[in-house]
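# Summary of structural features
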Amino acid sequence: VRDRGAAGTTSTASRPRIRHRLRPRLGESMRVDLLGAGGPQLAFLAIGSALDADLAPFGAAGNRAYVDPWVAPNQFADASGFARFVLQVPSLPALVGANLSLQWAVVDPSANALGVVTSNALDCVVGH
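Presented here is a report on the structure given in the accompanying data block. (Residues numbered from 1 in each chain as written. Predicted model: local features only at pLDDT ≥ 70, side-chain atom pairs only at ≥ 80, totals over all residues. Heavy atoms only, no water.)

### Observations concerning the nonpolar core
The following threshold applies: Buried Ala, Val, Leu, Ile, Met, Phe, Trp, Tyr and Cys residues form a nonpolar core when they are joined through side-chain atoms within 4.5 Å. Three exposure classes are used, based on accessible area relative to the maximum for each residue type with a 1.4 Å probe and protein chains only: buried under 20%, partly exposed in between, and exposed over 50%. Only DSSP runs of H or I with at least four residues qualify as helices, and only runs of E with at least two residues qualify as strands; both kinds are numbered from the N terminus onward.
Grouped together as the largest cluster of nonpolar side chains are 18 residues, with contacts concentrated most on L34, L45, L102 and W104. Residue assignment for this core shows that the elements contributing at least two residues are β3 (29-35), β4 (41-54), β7 (83-88), β8 (99-107) and β9 (116-125). Of all the elements, β8 adds the most residues to this core, at four residues.

### Things to note about unusual backbone geometry
A positive phi angle is found at A13, which is not glycine, with a value near 70 degrees. Of note, A13 is situated in the loop between β1 (2-4) and β2 (17-21).

### Things to note about the environment of N112
To keep it simple, the criterion reads: The contact criterion used throughout is that any non-hydrogen atoms of two residues lie within 4.5 Å. Polar contacts here mean pairs of N or O atoms no more than 3.5 Å apart (in protein, one a potential hydrogen donor and the other a potential acceptor; neighbouring residues in sequence count only if both atoms are side-chain atoms).
One can find N112 in the loop between β8 and β9. Judged by relative accessible area, which is 15%, N112 ranks as buried. With 60 residues separating them in the primary sequence, N112 and D52 have C-alpha atoms 19 Å apart. Leaving out residues up to four positions away in the same chain, N112 has contacts with G59, A60, N63 and V117. A distance of 2.7 Å separates the side chain of N112 from the backbone nitrogen of G115, its partner in a polar contact. Engagement of the side chain of N112 in a polar contact is seen with the backbone oxygen of V116, the distance being 2.8 Å.

### As for the sheet that holds β2
Backbone-to-backbone hydrogen bonds pair the strands of a sheet. The strands run either parallel or antiparallel. Using the following cut-off: By this definition, two strands are paired if DSSP reports at least two bridges between them. Lines are fitted to the C-alpha atoms to define the axes, a helix being fitted only along its stretch in contact, and any angle between axes, read from their N-to-C directions, falls within 0 to 180 degrees.
Taken in spatial order, the three strands make up an open sheet running β2-β3-β7, and their pairing is antiparallel. Looking at the sheet topology across the chains shown, the edges are occupied by β2 and β7. Mean inter-strand twist for the sheet, computed between neighbouring axes without regard to direction, equals 25 degrees. Pairing between β2 and β3: five bridges, direction antiparallel. Each residue of the ladder has a partner; that of R21, found in β3, is R31.

### Thoughts on the pattern of salt bridges
Let me state the cut-off plainly: Here, a salt bridge means any Lys or Arg side-chain nitrogen found within 4 Å of an Asp or Glu carboxyl oxygen.
Tallying each qualifying case throughout the model produces six salt bridges. The salt bridge involving D33 is made with R84; its shortest N-O contact spans 2.7 Å. On the criterion of sequence distance, the pair formed by D33 in strand β3 and R84 in strand β7 is long-range, its members being 51 residues apart. For D33, a relative accessible area of 3% corresponds to the buried category. According to the relative accessible area criterion, R84 is partly exposed, its value standing at 29%.

### Looking at the side chain of D123
Looking at the secondary structure, you find D123 in strand β9. Here D123 falls in the buried class, since its relative accessible area comes to 14%. There is a polar contact of 2.6 Å between the side chain of D123 and the side chain of S101.

### Some details on the side chain of D108
This is how the line gets drawn: Counted charges follow a simple rule, with Lys and Arg positive, Asp and Glu negative, and His plus the chain ends left uncounted.
Position of D108 among the secondary structure elements: in the loop between β8 and β9. Buried charge D108 goes without a salt bridge, the closest partner of opposite sign being R15 at 12 Å.

Given below as structure tokens:
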């Protein structure tokens, strides 16, 4: 698991960050945390392939999309800006060696014209 990129800035001047506990392994779970969401906010965890796209043309200067999402489950960050998603990795041998990228997107209408602030990303390889 490797960190990639930088976070944008919320309307409360915090920077959302992605952190993990455990590694993505067949039949196991990986905890993916969001820190610094800027208070109680709706957030989405983008899960997909690696990307690097500037969101400034869409009204979110200083934010980047580091994931081309296959799925984006939502969570609510608490008052301290913390949220957790537990990623269950299926026991499918074909997944061993698969590349996976993860990134949080926080809904913050006051932060910019797009109303979204992004975290850094995690790039992972599924193991045994």
